Amino acid sequence: MTRTLLAIVLVLLLGGAARAERLIVSVSNHRVTVTPNYSGEELVLFGSVERDATTPADRTAYDLVVTVRGPRADMVTRRKERTFGIWINTDYRQFLQVPSYLALFANRPFDAITSPEIARRQQIGLNNVLLTQRVGGDYADVVPNDAFRSAFIRLRTQRGLYREDPSAVTFLTPTLFRTGIPLPAEVPIGTYEIEIKLFANGAFIGKTETAFEIVKVGFEQFVATTARHNGLIYGLATVAMALMTGWMASIVFRKD
């Protein structure tokens, strides 16, 4: 009985400590519409750290890491080599169900927020994010300096689809914060998950999550929906348009 009572007391104490801080967050727009002239935009994530009576008195400074993940998909990175003056694909690596968009933001350098062990466990920084690959018959992530992994991140970064910024999160007050989420013109369509992790004195305190959605509207969305749900009609319409275009071209360029 004594051991059971002690266990209950410990659970209550630990549970209370875990709830000493609570993250309250929101995003400026939960539904982004993409039109034919869409050129990108920036959302704003803002929130606060809610303290209660169980918060340690000496805990006055916090660190935040915000991770934004777009829809997941399989992708391929290829290695090209020059052979007899021609660039050809010599090898490739398939990345399985990796985020199509990935951004990590913090209020100071990632390695200053927590220990390397916690950073790896919590996937803090691009080097610590799991990017599963098919290596032969195996499925695994690899070391950060792997040539294919580095090339994959570099190419996604050049397109604005992968990024990390250790100074993007701003604390407006000791507990009130904000950060921008830049979305490039070629942003993938789908649901985006936002994970906000709270640290204090190098320790992981807790996290919360929110999300937003990117949808395509207008004629492009109509075409995409028709192709997906009415493949036969879409195929026939495409063939008809090709025939019509060819017939019109033959009339315009016909030589008398």
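Residues numbered from 1 in each chain as written. Predicted model: local features only at pLDDT ≥ 70, side-chain atom pairs only at ≥ 80, totals over all residues. Heavy atoms only, no water.

Asks: Got a minute to help me understand the pattern of salt bridges in this structure?
Replies: Oppositely charged side chains can form a pair if their charged atoms are brought close together. Applying the stated rule across the entire model yields seven salt bridges. Residue R69 pairs with E195 through a salt bridge whose shortest N-O separation is 3.6 Å. Placement of R69 in strand β4 (residues 63-69) and of E195 in strand β13 (residues 190-200) is noted, with a sequence separation of 126 residues between them. A salt bridge links D146 to R93; its shortest N-O distance comes to 3.6 Å. With D146 in the loop between β9 (138-140) and α4 (147-158) and R93 in strand β6 (residues 86-99), the pair connects residues that are 53 residues apart, well separated along the chain. On the basis of relative accessibility, which here comes to 15%, the residue D146 falls in the buried class. The class for R93 is buried, based on a relative accessible area of 12%. (Salt bridge = Lys/Arg side-chain N within 4 Å of Asp/Glu carboxyl O. Helix = DSSP H or I, 4+ residues; strand = E, 2+ residues; numbered from the N terminus. Buried < 20%, exposed > 50% of the residue type's maximum accessible area, 1.4 Å probe, protein only.)

Asks: Please explain the environment of K216 as it appears in this structure.
Replies: Tracing the backbone shows K216 in strand β14 (residues 203-216). Overall, the relative accessible area of 27% leaves K216 in the partly exposed class. In the structure, K216 is positioned 183 residues away from T33 in sequence and 5.7 Å away in space, judged by C-alpha atoms.

Asks: How should the side chain of S100 be read in this particular structure?
Replies: Mapped onto the secondary structure, S100 falls in the loop between β6 and β7 (102-106). Among the residues examined, S100 registers a relative accessible area of 6% and is labelled buried. Engagement of the side chain of S100 in a polar contact is seen with the backbone oxygen of P71, the distance being 2.7 Å. Sequence-distant contacts of S100, defined by excluding residues within four places in its chain, comprise G70, P71, M75, R156, L161, Y162 and P188. (Polar contact = N/O pair within 3.5 Å; in protein donor to acceptor, adjacent residues only side chain to side chain. Contact = heavy atoms within 4.5 Å.)

Asks: Would you mind going over unusual backbone geometry with me for this structure?
Replies: Leaving glycine aside, a negative phi is the common case for residues, and trans is the common case for peptide bonds. Phi at Q97 takes a positive value of approximately 50 degrees, unusual for a residue other than glycine. Along the chain, Q97 turns up in strand β6. Its identity as a non-glycine residue notwithstanding, N201 has a phi of 55 degrees, on the positive side.

Asks: Any chance you could explain the sheet that holds strand β11 (residues 170-171) here in plain terms?
Replies: As summarised here, the arrangement of the four strands in space is β1-β3-β12-β11, forming an open sheet in which the pairing is antiparallel. A single partner strand is all that each edge strand has here, and the edge strands are β1 (21-27) and β11. Looking at chain direction, β1 and strand β3 (residues 41-51) are connected through seven bridges and run antiparallel. Note that in β3 the partner of I24 across the bridge is S48. (Pairing = 2+ DSSP bridges.)

Asks: Which parts of the structure should I look at to understand the sheet that holds β7?
Replies: Within a sheet, adjacent strands bond to each other through the backbone by hydrogen bonds, running parallel or antiparallel. In space, the six strands of this open sheet follow the order β2-β14-β13-β4-β7-β10, with mixed pairing throughout. Both edges of this open sheet fall to β2 (31-34) and β10 (162-165), since each of them pairs with a single strand only. Shown here is a sheet whose adjacent strand axes are inclined to one another by a mean of 15 degrees, direction ignored. Where β4 meets β7, five bridges bridge the pair, whose relative direction is antiparallel. Pairing of V65 across the sheet is with A106, part of β7. (Axes fitted to C-alpha atoms, helices over the stretch in contact; angles between N-to-C directions.)

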